[in-house]
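Here are the chains, one letter per residue:
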Amino acid sequence: MASDGDDKVVILDLHVSMFAMRPKMALALKGVHYESKEEDLRNKSSLLLEMNPVHKKVPVLIHNGKPVCESLIILEYIDEVWKDKFPLLPSDPYKRAQARFWADFIDKKIYDCIRAWLFKTKDTKDIKEELVENLKVLERELGEEAYYGGERIGFLDLVLVSYYTWLLTFEKDVELIMDAEIPKLSEWGKRCMQNESVSTSLADPLKVYDFTLQMWERIGVA
Ligand code: GS8
């Protein structure tokens, strides 16, 4: 699919959402201009309800008026439409399948831990143990590579780094010391943050922390 340079690209956004950070990083890496529309999830806009009537969630990418939902699908769409600059998925079908496998692992295992911590549905110590175990699996998968994409940032890097700001917040609360417990992954995170398209698209960890504190106050947990 070709893109003619006159594309109108809108992201229905939530600044602290790990899922919404992904398309913003991808568009920035590909040099695609977009407009971000911040949603209030307690008072969803009629545009969000119209563009994502099934899940009613952010992010939604609206490309020339047409919506694409679900962050991983949006990443693949962006990669296919703006394919000439900064390819994200590997070209080899087997490697693509592996990247999708690990993305699915991340959104199941890592998200579950972050969610359990955010809503305090499990003991924090257990969550930390489970999270570190899953992060170690991901660290092994990275091996000696600089990035999951190999020598440069790719699809899977964007999927995982979207949790990085959340891990920095988590670090404060549960005494996870990434440098000590998952040193290679910690280095990888810092390496990713040196990329301006990544660092400017991710939420400031302090804002994530603020959001977390407000959320805890709202749902009445200490
Ligand atoms: C998840 C999006 C999501 O949970 C994706 O895009 O990858 N699988 C989807 N979005 C949340 C905000 S971030 O936690 C959301 O929009 N929630 C609104 C709601 O649940 O009503």
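What you are looking at is a predicted structure, and each value in this text was computed from that prediction instead of being measured.

Caption draft 1: Structural view of the site of the ligand. Around the ligand sit Ser17, Phe19, Leu41, Lys44, Lys57, Val58, Pro59, Glu70, Ser71 and Tyr111, and that is every residue in its neighbourhood. Note that an oxygen atom of the ligand is positioned 2.5 Å from one of the side-chain N or O atoms of lysine 44. Between valine 58 and the ligand, the recorded distance is 2.9 Å, taken from a backbone N or O atom to a nitrogen atom. Protein contacts shield 74% of the accessible area of the ligand, which totals 530 Å² for the unbound molecule. Grouping the amino acids of the shell around the ligand by side-chain chemistry returns 5 nonpolar, 2 polar and 3 charged.

Caption draft 2: Just helix α9 (residues 183–193), in detail. Looking only at α9, the buried set comprises Leu185, Ser186, Trp188, Gly189 and Cys192. Along the axis of α9, the buried residues cluster in a sector spanning 160°; they form a single face.

Caption draft 3: The arrangement of the packing of helix α5 (residues 124–142) against helix α7 (residues 164–174) in detail. Interhelical geometry of α5 versus α7 gives an angle of 140° and a closest axis separation of 11 Å. It follows from the interaxial angle that α5 and α7 lie oblique. Pair α5 / α7 crosses with left-handed handedness. Across from Thr124, Ile127, Lys128, Leu131 and Leu135 in α5, the residues of α7 making contact are Leu167, Phe170 and Val174. Within the contact of α5 with α7, the residues separate by chemical class into 6 nonpolar, 1 polar and 1 charged.

Caption draft 4: Structural detail: unusual backbone geometry. Each neighbour pair has its own omega, and for valine 58 with proline 59 the value is 0°, a cis peptide bond. We note that asparagine 64 has phi near 50°; this positive angle belongs to a residue other than glycine. Residue position: asparagine 64 is located in the loop between β3 (60–63) and β4 (66–69). For asparagine 64, a relative accessible area of 44% gives the class partly exposed. Unlike most non-glycine residues, phenylalanine 86 shows phi in positive territory, near 50°. Looking at the secondary structure, you find phenylalanine 86 in the loop between α3 (71–81) and α4 (93–118).

Caption draft 5: Local environment of the packing of helix α1 (residues 18–29) against α4. Packing of α1 against α4 leaves a shortest axis separation of 12 Å and a crossing angle of 130°. Taken together, α1 and α4 sit at an angle that is classed as oblique. Side by side, α1 and α4 meet where Met18, Phe19 and Arg22 of the first sit next to Asp107, Tyr111 and Ile114 of the second.

Caption draft 6: View of the sheet that holds strand β2 (residues 35–38). Spatially, the 4 strands line up as an open sheet ordered β2-β1-β3-β4, and their pairing is mixed. The sheet terminates laterally at β2 and β4, the two strands that pair on one side only. With strand direction ignored, the average angle separating the axes of adjacent strands in the sheet is 25°. Examined bridge by bridge, β3 and β4 share 4 bridges and lie antiparallel to one another. Bridge pairing links valine 60 to cysteine 69 in β4. On the sheet, α1 packs against β1 (9–13) and β3 and is oriented at approximately 155° with respect to β1.

Caption draft 7: Molecular detail of the nonpolar core. Leu61, Ile106, Leu138, Leu158, Trp166 and Trp188 are the most contacted members of the largest nonpolar core, which totals 75 residues. With 11 residues, α4 is the single largest residue contributor to this core. Viewed by domain, this core spans two of them, domain 1 (9–81) and domain 2 (93–219), each represented by three or more residues. With residues up to four places along the chain from it excluded, the contact list for tryptophan 188 reads Leu142, Ala146, Tyr147, Tyr148, Asp157, Leu160 and Val161.

Caption draft 8: Focus on the pairing of β2. In this sheet, β2 lies alongside β1 in parallel orientation, the contact comprising 4 bridges. Across the sheet, the residue bridging to leucine 12 is lysine 37, located in β2. Handedness of the crossover joining β1 and β2 through α1 is recorded here as right-handed.

The rules behind each value
Residues numbered from 1 in each chain as written. Predicted model: local features only at pLDDT ≥ 70, side-chain atom pairs only at ≥ 80, totals over all residues. Heavy atoms only, no water. Near = heavy atom within 4 Å. Polar contact = N/O pair within 3.5 Å; in protein donor to acceptor, adjacent residues only side chain to side chain. Areas by Shrake-Rupley, 256 points an atom, 1.4 Å probe, with all protein chains shown as cover. Nonpolar A, V, L, I, M, F, W, Y, C, P; charged D, E, K, R; others polar. Buried < 20%, exposed > 50% of the residue type's maximum accessible area, 1.4 Å probe, protein only. Helix = DSSP H or I, 4+ residues; strand = E, 2+ residues; numbered from the N terminus. Arc of directions from axis to C-beta. Axes fitted to C-alpha atoms, helices over the stretch in contact; angles between N-to-C directions. Parallel < 35°, antiparallel > 145°, perpendicular 65-115°, else oblique. Left-handed = near helix turned anticlockwise from the far one by under 90°. Contact = heavy atoms within 4.5 Å. Pairing = 2+ DSSP bridges. Core = buried A, V, L, I, M, F, W, Y, C linked by side-chain atoms within 4.5 Å. Domains from an automatic or database assignment. Right-handed = clockwise from strand over helix to strand, strands pointing away.

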